[in-house]
Amino acid sequence: MHAVCALESGLCRYVLLSYGHSGRSGDSMMRMLAGMTGNDAVYGHFGAAGGYALAAQRAMHEMETGPETWKHIASGQRAWAGLNPDAMLHKRPLSEQEYLDSPYMIEPFRLHDNCLVSDGGRACILTTTERARNLPHPVVSIMGMGQHNPSADLLNADFLAGATGARQAGEQAFAMAQITTGDIDACQIYDCFTYTVEVTLQDYGFFAPGEGRTWFSGGTIAPGGRMPVNTSGGQLAEAYYMGLTPLTEAVMQLMGRCGNRQLGPETRTKTPGIILCSDNGAILQTHACYILRRY
Amino acid sequence: MTDSKPLPEINADNRVFWEKCREHVLTLQKCTDCGEFRNPPAFLCPGCLSRSAEWTPVSGKGSIYTFAVYHTAFHPGFKEEVPYVTAVVALAEGPRMMSNIVECPPENVFCGMPVEVTWRDADDLFSIPLFRPA
């Protein structure tokens, strides 16, 4: 959003969005996670997983959700990773039963509810549509975007089970794009944990609270599904590059640069014209939504 | 006597909270203008932005808003504790606080469970407020 402002105001001609990290081979990611709970570390409250587990447990109390919903997300995204040779979990298929048999880490999350810690990075260059037309790649443009950051106060938050910031950010983005969920061909959703995917799509309006279990079942988000989600494998199965995992995947899918996992006839899915993507921060405390299209 | 778990870092906002914990008295800031209790400690009332507040003992009673069960210890001090339960406790006076649920098997913990404060003396300076079924 800042990049668009810088381009529109003429401050910049090209903006590089980049993320790179030695999260796996170094210890800085674990140090960051150990530090993020502040004095609540006194109680053994740890990292993002500890916070999202609290959110997911509250969601299980307020609506119909839990492992029977999340197993579809974990296994569906893993199937996409099977088509992506860059994915950390390439050729490591995950059945729904294997998901349910995996050990709890921070309950209600099992091992496969958690995203990866990765070495690597992603980058994306933004410019005006006018300039992009004269560049070698197909043009992908921003149809709509929105941002909503509900609260810095996690303890007293009333959004852990939704509506998260995705509700208002999504409304802003759909209003700007002048489309509805029915126009979306695929989604690239920030997926630090399986539950994040569920609550984000729920808040965008793809299904009503608690109806995710039905919506996700039957391979909805997997190759061949009616609404492909996180087609690189996402942060759960490809690699964790913060918001650039979903954003760059959306751009590459619309450009047609995704090889075996390319949306279209090869993966028995619709050739995408419009892809929605999300980013969120802290424990569902910040949210951004982008709707992109092939120009 | 130290039990090797992390200890709180004291700052100007939370100093009184932890001093009172040492006396086994759970104490929160209460806004002297609008009367609202607040947690975490802060120099402004999040409701009315007043700067004036009094540290006021609370009942130590509440209910579990949400919880998580750790099957892995991410800090060596908790290795012997797994599976242990972290919880957001909604205090009877309104604000919520992070804590642990003790004296209860993890599988019996649920959202809405009534709880009351109990204390763990971590060392000579710090006592940690924990909660058990009420």
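This structure is a prediction, so every number in the text was calculated from the model and none was measured.

*Asks:* Teacher, can you tell me more about the packing of helix α7 (residues 165-177) of chain A against helix α8 (residues 194-204) of chain A here?
*Replies:* A pair of packed helices can be characterised by two numbers: the angle between their axes and the separation between those axes. Residue and element names in this part refer to chain A. Relative orientation of the contacting elements α7 and α8 amounts to 50°, with a least axis distance of 8 Å. Classed by the angle they form, the pair α7 and α8 counts as oblique. The handedness of the crossing between α7 and α8 is right-handed. Facing α7, whose interface residues are Ala166, Arg167, Gly170 and Phe174, α8 presents Thr200, Asp203 and Tyr204. Here the residues of the contact of α7 with α8 sort into three nonpolar, two polar and two charged.

*Asks:* Any chance you could explain the sheet that holds strand β5 (residues 186-188) of chain A here in plain terms?
*Replies:* Note: strands within a sheet are paired through backbone hydrogen bonds, in either parallel or antiparallel orientation. All names here are of chain A. Within the open sheet, the four strands sit side by side as β4-β7-β6-β5. Their pairing is mixed. One side of each edge strand has no neighbouring strand; the edge strands of this open sheet are β4 (140-148) and β5. Neighbouring strand axes in the sheet, compared pairwise and without regard to direction, differ in orientation by 20° on average. Judged from the eight bridges that link them, β4 and strand β7 (residues 286-294) form a sheet pairing that is antiparallel. If you follow Gly144 over to β7, its bridge partner there is Ile291. The strands that α8 touches are β5, β6 (274-281) and β7; relative to β6, the one it contacts most, it runs at about 120°. In the packing of helix α11 (residues 244-255) onto the sheet, the strands contacted are β4, β5, β6 and β7, and the crossing angle to β6 comes to about 170°.

*Asks:* Would you mind showing me how to read the interface of chain B and chain A here?
*Replies:* Quoted interface sizes are often the accessible area lost when the parts come together. Between chain B and chain A, the residue contacts involve 32 residues of the former and 25 residues of the latter. For the pairing of chain B and chain A, the buried interface totals around 2600 Å² over both sides, and the portion due to carbon and sulfur atoms is 60%. Counting the surface chain B buries against chain A, the share from its top three residues, Tyr65, Phe74 and Met98 of chain B, is 26%. One can count zero salt bridges joining chain B with chain A. Where chain B touches chain A, the interface holds 14 residue pairs in polar contact (both at pLDDT 80 or more). If you tally residues by element for the side of chain B that touches chain A, the top one is strand β4 (residues 61-70) of chain B, at six residues. Of the residues contributing to the side of chain B that touches chain A, the split by class is 21 nonpolar, eight polar and three charged.

*Asks:* Quick question: what am I supposed to make of the packing of aromatic side chains here?
*Replies:* Geometrically, a pair of aromatic rings is defined through the distance of the ring centres and the angle of the planes. The full count for this structure, using the stated rule, is 15 aromatic pairs over all chains. Plain terms: the ring middles of Phe46 of chain A and Phe74 of chain B are 4.3 Å apart, the flat faces sit at 0° to each other, and that makes the pair stacked. One end of the pair, Phe46 of chain A, is in the loop between α2 (28-35) and α3 (47-62); the other, Phe74 of chain B, is in the loop between β4 and β5 (84-91), on a second chain. For Phe46 of chain A, a relative accessible area of 10% translates into the label buried. On the basis of an interplanar angle of 25° and a centroid distance of 4.9 Å, the ring pair of Phe78 of chain B and Tyr84 of chain B is categorised as stacked. For Tyr84 of chain B, a relative accessible area of 7% gives the class buried. Ring pairs connect the aromatic residues Phe46 of chain A together with Tyr70, Phe74, Phe78 and Tyr84 of chain B, which therefore count as one cluster. A cation sits over an aromatic face here: Arg110 of chain A above Tyr104 of chain A, 4.5 Å from the ring centre. Between Arg96 of chain B and the ring centre of Tyr65 of chain B, over which it is positioned, the NZ or CZ distance is 3.6 Å.

*Asks:* Explain unusual backbone geometry here, please?
*Replies:* Glycine aside, the phi torsion of most residues is negative, and most peptide linkages are trans. All names here are of chain A. In this model, Glu107 is joined to Pro108 through a cis peptide bond whose omega is 20°. Positionally, Pro108 belongs in the loop between β2 (106-107) and β3 (119-126). Of note, the phi angle at Arg268 is positive, near 55°, even though the residue is not glycine. Locating Arg268 in the fold gives a position in the loop between α11 and β6.

*Asks:* Quick question: what am I supposed to make of the sheet that holds strand β3 (residues 53-57) of chain B here?
*Replies:* Residue and element names in this part refer to chain B. Within the open sheet, the three strands sit side by side as β2-β1-β3. Their pairing is antiparallel. Strand pairing shows two members of the sheet lacking a second neighbour, β2 (37-38) and β3, which therefore form its edges. Taken together, the five bridges between strand β1 (residues 27-31) and β3 define a ladder with antiparallel strand orientation. Within β3, the position partnered with Leu28 by the bridge is Thr56.

What counts, and at which threshold
Residues numbered from 1 in each chain as written. Chains lettered and ligands numbered in written order. Predicted model: local features only at pLDDT ≥ 70, side-chain atom pairs only at ≥ 80, totals over all residues. Heavy atoms only, no water. Axes fitted to C-alpha atoms, helices over the stretch in contact; angles between N-to-C directions. Helix = DSSP H or I, 4+ residues; strand = E, 2+ residues; numbered from the N terminus. Parallel < 35°, antiparallel > 145°, perpendicular 65-115°, else oblique. Left-handed = near helix turned anticlockwise from the far one by under 90°. Contact = heavy atoms within 4.5 Å. Nonpolar A, V, L, I, M, F, W, Y, C, P; charged D, E, K, R; others polar. Pairing = 2+ DSSP bridges. Buried area = accessible area lost by both parts, 1.4 Å probe. Salt bridge = Lys/Arg side-chain N within 4 Å of Asp/Glu carboxyl O. Polar contact = N/O pair within 3.5 Å; in protein donor to acceptor, adjacent residues only side chain to side chain. Phe/Tyr/Trp six-rings, centres within 6.5 Å; stacked < 30°, edge-to-face > 60°. Buried < 20%, exposed > 50% of the residue type's maximum accessible area, 1.4 Å probe, protein only. Lys NZ or Arg CZ within 6 Å of the ring centre and 35° of its normal.

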